[in-house]
Amino acid sequence: MGLRERLVDPRSPDRRPRKAAYALPTLFTAGNIFLGYISILRCFRGAMLATAGASGAPEQFVIAAQAIGAAVFLDGLDGRIARMTNTTSDFGREMDSLADVISFGLAPAFLAWAWGAYFVDPMLPQAFRDHIHNAGAFLSFLFLICGAARLARFNIQHNPIPKNPGRADRKYFVGLAIPAAAAMVASIVFACGGQPITWWPLCVAWMALLLVLGFLMVSTWRYYSFKGLSLSKAYSPLILIVFAAFIYGIWNYAKVLFVAMAASYMLSGIAIRAGGLIRRRLRRGEHKA
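Here goes a summary of the coordinates provided. Here the structure is a predicted model, which means the values were calculated and not measured.

Let us look at the overall build of the protein. In terms of helices and strands, the protein carries eight helices and two strands. Helices and strands in the protein line up, N terminus first, as α-α-α-α-α-β-α-α-β-α. Among the 289 residues that make up the protein, the fraction classed as buried is 39%. Long-range contacts, defined as pairs at least 24 residues apart, comprise 79% of the intrachain contacts of the protein with a sequence gap of at least 6. Split by element, the accessible area of the protein, about 17000 Å² in all, is 68% carbon and sulfur.

Now the structure itself:
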C-alpha cells in the first residue's frame, strides 16, 4: 500500500486524504518560516556585535546564512510531500508563498545589507560611506521587492511560457526562483566565513550581484525546475556514485560546493538565454544568405 492510500479517509466518498494529512506539508512550511526568522535574529545579533566591536559577529552571519540554506532544503520538500500525499491546497500554496517572502526575500535582503554594505571601511569619507549604505539598503530592498513580484507572478500564472520554451518534456521556471536567489546570497556569506565586507570595491561588486539577482527573478528567462525528477523512478547506478560524491563534497568542501552550485544554477539561465539569441542570429544570417 502506497503513502497516498494509507492517508485516504475511509469515510470520504471521493477518497480524499485525512484532515490530519494536510498538516504534514504545512509543518515543513512552518519550519521554513522559523528558519527565516532565525536568520533575521542572527543578522541583528551579528550587526550589534560588530558595531560594538565585540567578537562573534562572523559566526552569527554564518548561522544566518546556514538558516537560509536549510530553508531552501525545506522549501523543496513541502511541495513535493504535498504532491506525494495528494494534500495540495490553496491554503498550502498561499502559506508557502508567504513563507518564501520571509525566508528568501526579507532574510537574505537583510543579510545582504548588514553583511555586504553596512561595515564598509570606516576610514572612508563619511559622505562616501553614507552613499554606500544608502545604495546597499536600496538594492537590498530591490532584491526583496523583485522576489515578492516573482512569487506573485508565479501564483497567478498557471502555465507561464519563457522566451525560450525549451523541450516540451521538461519543466522550467520562468525567471530565477527566489529560493535560488537567496541561496546565492547565503552561499557567498557562508563561503566567506561570515566576515563582513569592508573594502568598498567589493561592496560595489556585492551590490551589483544583488541587482543582477533581482533582474533575473523578474525576467522571463528559462530555468530548469527539477520537478521532473522522481525518487520512485529507476535510475542508473551512476546516480549512486554521483550522490556519494556529492555527500563527500559537502562534508569536505561545503563552502566551495555550495557557491559553485548556486552560481552554476544562476548562470544557467543566462547561458540558455545567450545561446538562444546566438542561434536566432545564426538562423537569420542563413536565411539572408
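On the surface, Phe128, Trp199, Trp200, Leu202 and Val204 cluster together into a nonpolar patch covering about 490 Å² of accessible area. For the nonpolar patch, the element with the most residues is helix H7 (residues 200–218), which contributes three residues. On the secondary structure map, tryptophan 200 appears in helix H7. Residue classification places tryptophan 200 among the partly exposed positions, given a relative accessible area of 37%.

Summarising the element assignment, asparagine 32 is placed in helix H2 (residues 23–52). Note on asparagine 32: relative accessible area 0%, which makes it buried. Taking the C-alpha atoms as reference, asparagine 32 lies 7.8 Å from valine 72; in sequence the two are 40 residues apart. Apart from residues no more than four positions distant in its own chain, asparagine 32 is found in contact with Ala71, Leu74, Asp75, Ala99, Asp100, Ser103 and Phe104.

With that settled, the discussion passes to the packing of aromatic side chains. The final tally for this structure, using the stated rule, is 10 aromatic pairs. On the basis of an interplanar angle of 65 degrees and a centroid distance of 6.5 Å, the ring pair of phenylalanine 154 and phenylalanine 173 is categorised as edge-to-face. Of this pair, phenylalanine 154 sits in helix H5 (residues 126–156) while phenylalanine 173 sits in strand E1 (residues 172–174), and the two are 19 residues apart along the sequence. The class for phenylalanine 154 is partly exposed, based on a relative accessible area of 39%. What makes phenylalanine 173 buried here is its relative accessible area of 16%. Their ring planes at 85 degrees and their centres at 5.4 Å tell us that phenylalanine 215 and tryptophan 221 sit as a pair that is edge-to-face. On the basis of relative accessibility, which here comes to 46%, the residue phenylalanine 215 falls in the partly exposed class. A connected cluster of aromatic rings, assembled from ring pairs, spans Phe44, Phe110, Trp113, Tyr118 and Phe119.

Here the focus is the packing of helix H6 (residues 178–191) against H7. The interhelical angle for the contact between H6 and H7, taken along N-to-C directions, is 165 degrees, at an axis separation of 9 Å. Relative to H7, the element H6 lies roughly antiparallel. Judged by the sense of rotation from one axis to the other, the crossing of H6 with H7 is right-handed. In contact with Ile178, Ala181, Met184, Val185, Ile188 and Val189 of H6, H7 contributes Trp206, Leu209, Leu210, Leu213 and Met217. In terms of residue class, the contact of H6 with H7 is made up of 11 nonpolar, no polar and no charged.

Another point: the packing of helix H4 (residues 90–116) against H6. The relative placement of two packed helices comes down to the angle between their axes together with the axis-to-axis distance. Where H4 contacts H6, the two axes come as close as 9 Å, and the packing angle between them is 30 degrees. Crossing of H4 over H6 shows left-handed handedness. On H6, the residues that touch Asp100, Phe104, Gly105, Pro108, Leu111, Ala112 and Trp115 of H4 are Ile178, Pro179, Ala182, Val185, Ile188 and Val189. Of the residues contributing to the contact of H4 with H6, the split by class is 11 nonpolar, one polar and one charged.

How each quantity is defined
- For every chain, the first residue of its written sequence is number 1, and the numbers climb from 1 along that sequence.
- Totals for whole chains, interfaces and linings use all residues, but because this is a predicted model, local features are given only for residues with pLDDT of at least 70 and pairs of side-chain atoms are given and counted only at 80 or more.
- Excluded from the side-chain calculation are hydrogens and water; included are all heavy atoms of the structure.
- Strands here are runs of E lasting at least two residues and helices are runs of H or I lasting at least four, both read from the DSSP assignment and numbered beginning at the N terminus.
- Only protein chains enter the accessibility calculation, which uses a 1.4 Å probe; a residue whose area is less than 20% of its type maximum is buried, one above 50% is exposed, and one in between is partly exposed.
- Contact between two residues is taken to exist if any of their heavy atoms lie within 4.5 Å; hydrogens are not considered.
- Residue-level accessible areas treat just the shown protein chains as cover; the underlying method is Shrake-Rupley with a 1.4 Å probe.
- In this scheme, patches are assembled from residues that exceed 30% relative accessible area and form no salt bridge. Like charges are connected within 9 Å, while nonpolar side chains (Val, Leu, Ile, Met, Phe, Trp, Tyr) are connected within 5 Å.
- The salt bridge criterion pairs a side-chain nitrogen of Lys or Arg with a carboxyl oxygen of Asp or Glu, the two atoms within 4 Å.
- Within 6.5 Å between ring centres, the rings of Phe, Tyr and Trp (the latter by its six-membered ring) count as paired, and their orientation is classed by plane angle as stacked under 30 degrees, edge-to-face over 60, tilted in between.
- Angles shown run from 0 to 180 degrees and are taken between the N-to-C directions of axes, each axis being a line fitted to C-alpha atoms and, for helices, limited to the stretch in contact.
- Comment on the angle field: the value is read as roughly parallel under 35 degrees, roughly antiparallel over 145, roughly perpendicular from 65 to 115, and oblique elsewhere.
- Throughout, a crossing is termed right-handed when the near helix is turned clockwise from the far one, and left-handed when it is turned anticlockwise from it by less than a right angle.
- For this classification, Asp, Glu, Lys and Arg are treated as charged, while Ala, Val, Leu, Ile, Met, Phe, Trp, Tyr, Cys and Pro are nonpolar and the rest, including Gly, are polar.

That's the geometry; what it means functionally is another story.
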